[in-house]
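The lines below spell out each chain.
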Amino acid sequence: MAVTIDIDLKGISDLEKDVEGMIERASNLEPVLKQRAESLRTVITDAFSQSRSPNGERWPALAPATVERRRQRSNKPLVDTGLLRGSVRTEGQKDRVVFGVGGSAARYAPFHQFGTKRIPRRAYLPTDAQGEPKFTRGAARKWLERTRERLGRWVIRGER
């Protein structure tokens, strides 16, 4: 005698469509990463007004001689003309967020980001001393956590 078991899988085609949608969204994260790139730009530019890196490290104070040479005699590091802050670029792509400095400020940007013998490191981009992305503390970590959350909602539910 044979035993037959019938299982009604009425929702399986809907589940297949849901999974296909997730796979499609996971293969192109650009809609979310474009938004998150703009948010990262804000994190980076806020570093200038807070005099600290996106990872929360306070910038060393300016030397008195440097303050004397500045246009407004301001003692706020990296804020004199606004050229460097205005040259920050972020871009959300299909599978990544790219960030850096463009334009004429790109010539001197590394001296401040990484420091020299005469200029202390004042990191305004979320990287370590070797230039590798670093999102471990402060606003940078919060940005990364929020980005992961948003990507999860995008892939699973299609929410931006």
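Throughout what follows, the structure given in this document is the object of discussion. None of the values given here were measured: they were computed from a predicted structure.

Some remarks on the pairing of strand β1 (residues 88-92)
Stage number 1. Residue alternation in β1 divides its side chains into a buried set, V88, T90 and G92, and an unburied set, R89 and E91.
Stage number 2. Pairing of β1 with strand β2 (residues 97-101), which is carried by 5 bridges, proceeds in the antiparallel orientation. Counterpart to E91 in the pairing with β2 is V98.
Stage number 3. With antiparallel pairing between neighbouring strands as the criterion, β1 and β2 make up a hairpin whose turn holds 4 residues.

Focus on the side chain of T45
Stage number 1. Along the chain, T45 falls in helix α2 (residues 30-50).
Stage number 2. Among the residues examined, T45 registers a relative accessible area of 15% and is labelled buried.
Stage number 3. Of note is the side chain of T45, whose polar atom sits 3.2 Å from the backbone oxygen of T42.

So, the packing of aromatic side chains
Stage number 1. Inspection of every chain in the model, using the stated rule, returns 4 aromatic pairs.
Stage number 2. Ring geometry for F48 and W59: centres 5.9 Å apart, planes at 80°, overall edge-to-face. Highlighted residues: F48 in helix α2 and W59 in the loop between α2 and α3 (64-69), separated in sequence by 11 residues. In this structure, F48 and W59 share a single accessibility class: buried.
Stage number 3. In textbook terms, an aromatic cluster arises when at least three aromatic residues are bridged by ring pairs, as seen for F48, W59 and Y124.

A few points about the nonpolar core
Side chains that are nonpolar tend, in soluble globular proteins, to be buried together.
Stage number 1. Ranked by size, the top nonpolar core spans 26 residues in total, and within it L40, F48, L84 and Y124 carry the most contacts.
Stage number 2. Elements with a minimum of two residues in this core: α2, β2 and α6 (138-157).
Stage number 3. Looking at this core, the element that brings in the most residues is α2, giving 8 residues.
Stage number 4. The contact partners of L40, leaving out residues within four places of it in the chain, are T90, V97, F99, P126, F135 and W143.

Re the packing of α2 against α6
Stage number 1. Contact pair α2 / α6: the axes reach a minimum separation of 10 Å and the direction vectors enclose 165°. When the interaxial angle is binned, α2 and α6 end up roughly antiparallel. Between α2 and α6 lies a crossing of right-handed hand. Touching P31, V32, L33, R36, S39, L40 and V43 of α2 are A139, A140, W143, R146, T147, R150, L151 and W154, all from α6.

Let's talk about α6
Stage number 1. Taking 1.5 Å per residue, 20 residues should reach 28 Å; α6 reaches 29 Å between its end C-alpha atoms and fits that length.
Stage number 2. In this structure, the buried side of α6 is in contact with α1 (12-26), α2 and β2.

Description of the packing of α1 against α6
Stage number 1. Close contact between α1 and α6 brings their axes to 7 Å; oriented N to C, the two are set at 140°. By the angle between their directions, the pair α1 and α6 is classed as oblique. On the side of α1, the interface is formed by M22, R25 and A26, while α6 contributes W154, V155, I156 and R157.

Cut-offs used in this document
Residues numbered from 1 in each chain as written. Predicted model: local features only at pLDDT ≥ 70, side-chain atom pairs only at ≥ 80, totals over all residues. Heavy atoms only, no water. Buried < 20%, exposed > 50% of the residue type's maximum accessible area, 1.4 Å probe, protein only. Helix = DSSP H or I, 4+ residues; strand = E, 2+ residues; numbered from the N terminus. Pairing = 2+ DSSP bridges. Polar contact = N/O pair within 3.5 Å; in protein donor to acceptor, adjacent residues only side chain to side chain. Phe/Tyr/Trp six-rings, centres within 6.5 Å; stacked < 30°, edge-to-face > 60°. Core = buried A, V, L, I, M, F, W, Y, C linked by side-chain atoms within 4.5 Å. Contact = heavy atoms within 4.5 Å. Axes fitted to C-alpha atoms, helices over the stretch in contact; angles between N-to-C directions. Parallel < 35°, antiparallel > 145°, perpendicular 65-115°, else oblique. Left-handed = near helix turned anticlockwise from the far one by under 90°. Expected span 1.5 Å × (residues − 1).

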